[in-house]
Amino acid sequence: MIWVDTIVQGILLGGLYALFAAGLSLVFGIMRLVNLAHGDLIVLAAYLLLVIVSMLGLNPFVAALVAMPVMFAIGYGLQRFVLNRVLGADILPPLLVTFGLSVVIQNVLQEGFSADSRRIPAGTLETASLPIGPVTVGLMPLLTLLSAIGVILALQWLFYRTSLGRAFRATSDDPVTAGLMGIKPQRVFAQATGIAMVVVTIAALYLGTRSNFDPTIGPARLIYAFEAVIIGGLGSLWGTLAGGIIIGVAQTLGAAINPEWQILAGHLAFLLVLLVRPRGLFPRAND
Amino acid sequence: MALLETHGLTAHYGDFQALFGVDIRLDQGECVAIIGANGAGKSSLLRSLSGVLRQEPGMVLLDGRPIGALPADDIVALGISMVPEGRRLFPSLSVEENLMIGAYRSSGNGAWDLDAVYGMFPMLKERRTAPGNALSGGQQQMVAIGRALMSNPRVLLCDELSLGLAPVIIRDIYAALPRIRQAGASVIIVEQDIGQALKVADRVYCMMEGKVTLEGTPEELSRDAIHKAYFGVAA
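Here the structure is a predicted model, which is why all the values come from computation and not from measurement.

J.: Quick rundown of the overall build of chain A? Include the residues and the values.
T.: Within chain A, the secondary structure is distributed over 11 helices and 2 strands. By the compact-globule yardstick of 19 Å for 287 residues, chain A fits well, its C-alpha radius of gyration being 19 Å. By residue count, 51% of the 287 residues in chain A fall in the buried class. Residue pairs at least 24 apart in sequence account for 74% of intrachain contacts in chain A once pairs closer than 6 positions are excluded.

J.: So, the overall build of chain B: which residues are in play, and what are the values?
T.: Scanning chain B from N- to C-terminus turns up 10 helices and 12 strands. Computed over C-alpha atoms, the radius of gyration of chain B comes to 17 Å, within 12% of the 18 Å expected from 2.2 N^0.38 for 235 residues, which places it in the range of a compact globule. Judged by the C-alpha coordinates and their principal axes, chain B covers about 55 × 40 × 35 Å. Looking at chain B residue by residue over its 235 residues, the buried ones come to 47%. Here the analysis covers contacts within chain B between residues at least 6 apart in sequence; of these, 66% occur between residues at least 24 apart.

J.: Provide a residue-level description of the sheet that holds strand β12 (residues 211–216) of chain B, including the pertinent values.
T.: Residue and element names in this part refer to chain B. Pairing is mixed in the open sheet, where 6 strands are placed in the order β8-β9-β10-β5-β11-β12. Two strands close off the open sheet at either side, each with one partner strand: β8 (80–83) and β12. Averaged over all pairs of adjacent strands, the angle between their axes in this sheet comes to 20°, without regard to strand direction. With 5 bridges connecting them, strand β5 (residues 31–36) and strand β10 (residues 186–191) associate as parallel partners. Within β10, the residue paired with Ile34 across the bridge is Val190. Lying on the sheet, helix α10 (residues 223–231) is in contact with β5, β11 (203–208) and β12; it crosses β11 at an angle near 35°.

J.: Could you give an account of the environment of Ser43(B), naming the residues involved and the relevant values?
T.: All names here are of chain B. If you trace the backbone, Ser43 turns up in helix α1 (residues 42–50). Looking at Ser43, the number of C-beta atoms within 10 Å reads 21, which means it is buried. Separated by 41 residues in sequence, Ser43 and Pro84 have C-alpha atoms that sit 9.1 Å apart. Discounting residues that sit within four places of it in the chain, Ser43 has contacts with Glu85, Asp159 and Val190.

J.: Please provide a residue-by-residue account of the nonpolar core, values included.
T.: The biggest cluster of nonpolar side chains holds 162 residues, and the ones touching the most others in it are Ala45(A), Ala46(A) and Leu49(A). Setting aside residues no more than four positions away along its own chain, Ala46(A) makes contact with Ile120(A), Ala204(A), Leu207(A), Gly208(A) and Phe213(A).

J.: Give me the interface of chain B and chain A: which residues, what numbers.
T.: If you look at the interface, chain B gives 21 residues, while chain A gives 17 residues. Contributing elements (two or more residues each) for the side of chain B that touches chain A: α2 (72–78) and α3 (95–101) of chain B. In terms of residues, the side of chain B that touches chain A owes the most to one element, α2(B), which gives 4 residues. Split by residue class, the side of chain B that touches chain A holds 13 nonpolar, 4 polar and 4 charged.

J.: Can you explain the pairing of strand β1 (residues 129–132) of chain A? Please cite residues and give values.
T.: A regular strand carries its side chains on alternate faces of the sheet. All names here are of chain A. Bridge count between β1 and strand β2 (residues 135–138): 4 bridges; the pairing is antiparallel. When the sheet's bridge partners are listed, Ser129 is paired in β2 with Gly138. Hairpin connection from β1 to β2: 2 residues lie between these consecutive antiparallel strands, with Gly133 at a positive phi of about 60°.

J.: Explain the sheet that holds strand β1 (residues 4–6) of chain B residue by residue, including any values.
T.: Residue and element names in this part refer to chain B. Within the open sheet, the 4 strands sit side by side as β4-β1-β6-β7. Their pairing is antiparallel. Edge strands, defined here as strands with exactly one partner in the open sheet, are β4 (25–26) and β7 (65–66). In this structure, strand β6 (residues 60–62) lies alongside β7, joined through 2 bridges in antiparallel fashion. Bridged to Leu62 within β7 is Arg65.

J.: Please set out the packing of helix α1 (residues 2–31) of chain A against helix α8 (residues 185–210) of chain A residue by residue, giving values where relevant.
T.: Residues and elements named next belong to chain A. Across the interface, α1 lies against α8 with an axial gap of 8 Å and an inter-helix angle of 175°. Relative to α8, the element α1 lies roughly antiparallel. In this structure, α1 uses Leu16, Leu19, Phe20, Ala22, Gly23, Leu26, Val27, Ile30 and Met31 to contact α8, whose residues at the interface are Phe189, Ala192, Thr193, Ile195, Ala196, Met197, Val199, Val200, Ile202, Ala203 and Tyr206. Residue composition of the contact of α1 with α8, grouped by class: 18 nonpolar, 2 polar and no charged.

J.: Can you lay out the confidence of the model for chain B for me, pointing to particular residues and giving the numbers?
T.: All names here are of chain B. Of all residues in chain B, 98% attain a pLDDT of 70 or more, and the chain-wide mean is 91. The least confident element of chain B is α10, whose mean pLDDT is 82; the most confident is β4, at 96. Complex prediction metrics read pTM 0.90 and ipTM 0.90.

About the thresholds
- Residues numbered from 1 in each chain as written.
- Chains lettered and ligands numbered in written order.
- Predicted model: local features only at pLDDT ≥ 70, side-chain atom pairs only at ≥ 80, totals over all residues.
- Helix = DSSP H or I, 4+ residues; strand = E, 2+ residues; numbered from the N terminus.
- Rg over C-alpha atoms; globule rule 2.2 N^0.38 Å.
- Buried ≥ 20, exposed ≤ 12 C-beta atoms within 10 Å, placed from the backbone.
- Contact = placed C-beta atoms within 7 Å.
- Pairing = 2+ DSSP bridges.
- Axes fitted to C-alpha atoms, helices over the stretch in contact; angles between N-to-C directions.
- Core = buried A, V, L, I, M, F, W, Y, C linked by C-beta atoms within 7 Å.
- Nonpolar A, V, L, I, M, F, W, Y, C, P; charged D, E, K, R; others polar.
- Parallel < 35°, antiparallel > 145°, perpendicular 65-115°, else oblique.
- pLDDT = per-residue confidence, 0-100.

Structure, rendered in structure tokens:
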């Protein structure tokens, strides 16, 4: 029975990794931009939530609703005024810019909040649990997974059922012809990054309430997110969820065998999937 | 005043100059054909009209208003839409989504909507859920035309509609043109197929090496004059 429990906990952990990765997947899928500052933006959003919670005394979930438009604006502006300028045939400039951005965010956060590790208080929710059949699951991990599924459902709806989603896909296919349709690629990219930052805010909510964070932990979270995106197949949102769950399960299984193996097991699972399916589990057909 | 006109239009790709002072005019309700050999500058001209290539503002006038420097997405909103060379359908979008995205900036008033396009090209309705690039070349061309019409343009620019298509398919495609004009669009077509161009156009411009070398109605242009304007005077 301990194995069932371990796998269930792994799936729940996978929800957190999928949330880390969903924004990354969204941005990459639309504009082929690899955002190396993604992890740091999650940490930035976590500090924003911390400030809102401690200054206004709001529940973290309500604080996330307040933070979402702020993060959307940050993402929109970041894309519009910085990243759009470096997007092009050469993939190196955006990598360098987002790498630099990562360093800047970490240092600004250290300057403002010191290197102490912090946590967003979530009251009794932190320890609440729910018996489901033979296993007991924490309410926060369960909410995390449900949020991840909700985020991916919402993004799928946006992509395949709305005019903006059609514009996203068309611009991703062919920005010049998209322009002939009246679409402004620069604005579409800015909207996409804005939406990615709303997802980042949701990721930050669970990152910040479930564990401690400090200004430098972004890059480590980014690695799990990358692995989830790549295992799932670049640009596939459901693939990203599957990728997150594979890494989560591998990590908890590894930890169950020997606590030292937790991180290693996740990376090994990543390499194993790449060995069998080099393009990931659900690669997009037309890449 | 002409609906759409160019004044001394030039176009450059880096150091290479593709157009050397082109003056053309399109009147309301007219269908103008632009013919010429490969590399004559026909596509550069259409790309300048549609805003894919941006030029000096005064080089392109719509209702006398300078629009030469506007980007493609603003040009569409002003009522000029293009069927690009090679169709350029969006592979991630279904046939119906390809059509719908043509109306991205349109308010939805006008003759053309999904039903009108399906009415003109019924086979597209059967394939509406197929990905854009899963269709035959002729059907893709129909989608590209329908997509451009969805914005209810005042000016429709068609770049090489016949490219890579069988003669019987080309005939079907061109059979749609009278209906498009009837619905209110003025049309500029670029063609390598001179016979086809002379058949449908009210006026013809012939281009060579980035300049207009001949202009006239199909009736007044002799085969010989077109031949000279097309290939240059034989040595």
